Amino acid sequence: MSFDEHIDLASAKSGGVALFANDEFFAGKENLLQPGRGVFIHDKYTENGKWMDGWESRRKRVPGYDWCLIKLGLPGRIHGFDIDTNHFTGNYPEHAAVDACVAAPDATPEQLNGPGTTWTELLPISQLQGGSRNLFPASNGERWTHVRLRIYPDGGVARFRVHGEVGPDWDRLLAAGGPLDLAAVENGGVAVLANDMYFSHRNNLIMPGRSANMGDGWETKRKRGPGNDWVIVKLGRPGHLNKVEVDTNWFKGNFPDRCSLEGAWIPEGAPTDYLMSRAIDWRPVLPEVKLAAHKQHYFEQELIPGGPYTHIRLSIYPDGGISRLRLWGTPAGMQA
């Protein structure tokens with residue numbers, strides 16, 4: 001799996017916040033964390049100049065660099081960065097660097113920029129190309145909560161992605177009690193493989209909240225031959241399931257006719273190819289059930305006892321779109 005296949009830990013959709021930028025004269029820092037790659041509107045201007053869908057500082061006439069502090073919506077281990085200069089061609093930064101730190105969720109910009117915060121450089125000063133996704137892997141295995149993007153000397157960045165693995169605070173989650181969505185991205189769930197993502201990405205299935213529109217889900221192309229579509233979710237922690245939600249929100253003329261769930265215990269670190277192996281003993285969790293358009297479906301009594309499972313396979317028949325999948329359960333080793 002390439003690093004940019006991992007979840008974007010900084011996405012605004014996942015709670016990421018651009019806390020402070022030393023300069024945002026032309027365009028605001030909050031644009032960095034928005035969906036997509038940014039748009040360009042030819043004749044749109046503000047009182048400060050050309051409107052741009054990104055973060056853009058003014059032309060620097062003194063030594064130094066510009067920087068932006070970002071709170072990750074999903075703290076975790078960082079595998080790489082996407083510094084996207086889309087639409088910035090004559091005004092992109094020549095170089096960029098990224099630092100990371102561990103701080104309290106309510107840390108202020110003053111605290112983050114003060115002597116009490118230790119920053120670790122994850123990406124040294126690196127050259128950027130204009131109008132491009134600039135992809136940089138990172139190999140540090142620590143859990144981080146905040147990052148700092150530095151640009152040299154100034155200019156514009158359309159989007160900034162921080163790809164990695166979510167690192168949940170399991171002590172806090174378990175202490176809180178109550179049901180846990182073991183598939184939720186904030187609890188470490190990952191949609192690791194799907195046979196088809198023609199219209200939208202598999203990871204949308206496990207994102208927070210209900211979907212905003214039809215594009216905020218997992219949707220496959222129309223199937224013209226035999227078979228069905230499927231997606232495999234790795235649970236944030238192995239467990240037993242006791243309640244399932246399959247949400248077809250916004251899918252009205254393209255929802256699947258039916259779905260089913262199976263579970264398996266798969267060793268940690270198994271390669272992606274192994275997930276398609278016939279050696280995996282997939283056990284039934286939810287038999288085939290009918291689905292309806294634009295609806296939250298809940299299943300409890302229909303579930304077949306079993307597990308614990310590390311992975312769940314959702315099969316849809318024959319094709320279509322699911323906006324969210326919730327898998328509530330009890331982590332292995334705990335009392336139900």
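Structure shown above.
Residues numbered from 1 in each chain as written. Predicted model: local features only at pLDDT ≥ 70, side-chain atom pairs only at ≥ 80, totals over all residues. Heavy atoms only, no water.

1. Describing the overall build of the protein
Line of reasoning, step 1. Per the secondary structure count, the protein includes two helices and 22 strands.
Line of reasoning, step 2. The C-alpha radius of gyration computed for the protein amounts to 22 Å, which stays within 12% of the reference 20 Å derived for 336 residues, consistent with globular compactness.
Line of reasoning, step 3. Projected onto the principal axes, the alpha-carbon positions of the protein cover approximately 65 × 45 × 30 Å.
Line of reasoning, step 4. Contacts in the protein between residues at least 24 apart in sequence constitute 79% of all its contacts with a sequence separation of at least 6.
Line of reasoning, step 5. For the protein, the accessible surface area stands at approximately 15900 Å², while carbon and sulfur atoms represent 50% of it.
Line of reasoning, step 6. Here the protein contributes 36 positively and 40 negatively charged side chains, and the mean placements of these two sets differ by 3 Å. (Helix = DSSP H or I, 4+ residues; strand = E, 2+ residues; numbered from the N terminus. Rg over C-alpha atoms; globule rule 2.2 N^0.38 Å. Contact = heavy atoms within 4.5 Å. Areas by Shrake-Rupley, 256 points an atom, 1.4 Å probe, with all protein chains shown as cover. Lys, Arg positive; Asp, Glu negative; His and termini not counted. Charge placed at Lys NZ, Arg CZ, Asp CG, Glu CD.)

2. Points about the nonpolar core
Nonpolar side chains in soluble globular proteins generally cluster together in the buried interior.
Line of reasoning, step 1. Ile78, Ile83 and Phe160 are the most contacted members of the largest nonpolar core, which totals 64 residues.
Line of reasoning, step 2. A total of seven residues in this core trace back to one element, the largest contributor, which is strand 6 (residues 66-84).
Line of reasoning, step 3. Excluding residues within four positions of it along the chain, isoleucine 78 makes contact with Leu9, Leu72, Leu122, Ala138, Asn140, Glu142, Trp144, Val147, Val162, His163 and Gly164.
Line of reasoning, step 4. Ranked by size, the runner-up nonpolar core spans nine residues in total, among them Ala264, Leu275, Ile280 and Trp282. (Core = buried A, V, L, I, M, F, W, Y, C linked by side-chain atoms within 4.5 Å. Buried < 20%, exposed > 50% of the residue type's maximum accessible area, 1.4 Å probe, protein only.)

3. Side note on the packing of aromatic side chains
Line of reasoning, step 1. If you walk through the whole model with that rule in mind, you get five aromatic pairs.
Line of reasoning, step 2. Judged by centre distance (5.4 Å) and plane angle (45°), the ring pair of phenylalanine 20 and tryptophan 67 falls under tilted. Of the two residues, phenylalanine 20 sits in strand 2 (residues 17-21) while tryptophan 67 sits in strand 6, which places them 47 residues apart along the sequence.
Line of reasoning, step 3. Owing to a relative accessible area of 15%, tryptophan 67 belongs among the buried residues under this scheme.
Line of reasoning, step 4. The positively charged end of lysine 44 is found above the aromatic ring belonging to tryptophan 51, 4.2 Å away from the centroid.
Line of reasoning, step 5. Its guanidinium or amino end placed over the ring of tryptophan 119, arginine 148 lies 4.5 Å from that ring's centre, counting from NZ or CZ. (Phe/Tyr/Trp six-rings, centres within 6.5 Å; stacked < 30°, edge-to-face > 60°. Lys NZ or Arg CZ within 6 Å of the ring centre and 35° of its normal.)

4. Looking at the side chain of glutamate 219
Line of reasoning, step 1. Tracing the sequence through the fold places glutamate 219 in strand 15 (residues 218-219).
Line of reasoning, step 2. No salt bridge is formed by the buried glutamate 219. Its closest oppositely charged neighbour is arginine 222, at 6.9 Å.
Line of reasoning, step 3. Discounting residues that sit within four places of it in the chain, glutamate 219 has contacts with Asp196, Met197, Tyr198, Phe199, Ser200, Met214, Phe251, Asn254, Gly320 and Gly321. (Salt bridge = Lys/Arg side-chain N within 4 Å of Asp/Glu carboxyl O.)

5. Here's the deal with unusual backbone geometry
Line of reasoning, step 1. At the junction of glycine 307 and proline 308, the peptide bond is cis and its omega measures out at 10° in the coordinates.
Line of reasoning, step 2. Relative to the elements of secondary structure, proline 308 occurs in the loop between strand 19 (296-299) and strand 20 (309-317).
Line of reasoning, step 3. With an omega of -10°, the peptide bond running from tyrosine 317 to proline 318 counts as cis.
Line of reasoning, step 4. By the element assignment, proline 318 lies in the loop between strand 20 and strand 21 (321-322).
Line of reasoning, step 5. Even without being glycine, tryptophan 250 reaches a positive phi, approximately 75°.
Line of reasoning, step 6. By the element assignment, tryptophan 250 lies in the loop between strand 16 (229-247) and strand 17 (258-264).

6. Some words on the pattern of salt bridges
Line of reasoning, step 1. Under the defined criterion, the tally for this structure stands at 24 salt bridges.
Line of reasoning, step 2. Ionic pairing is found between lysine 13 and aspartate 216, a salt bridge with its closest N-O pair at 3.5 Å. Of this pair, lysine 13 sits in the loop between strand 1 (7-8) and strand 2 while aspartate 216 sits in the loop between strand 14 (190-194) and strand 15, and the two are 203 residues apart along the sequence.
Line of reasoning, step 3. Using a relative accessible area of 7% as the deciding quantity, one classes aspartate 216 as buried.
Line of reasoning, step 4. Across the pair lysine 29 and glutamate 24 runs a salt bridge, and its minimum N-O distance is 3.1 Å.

7. A closer look at the environment of alanine 100
Line of reasoning, step 1. By the secondary structure assignment, alanine 100 is in strand 7 (residues 95-101).
Line of reasoning, step 2. Look at alanine 100 and you get buried, because its relative accessible area is 0%.
Line of reasoning, step 3. Taking the C-alpha atoms as reference, alanine 100 lies 9.9 Å from lysine 71; in sequence the two are 29 residues apart.
Line of reasoning, step 4. Those residues in contact with alanine 100 that lie beyond four places of it in its chain are Thr118, Trp119, Thr120, Leu122, Trp144, His146 and Val147.

Don't take any of this as a statement about function, it's just geometry.
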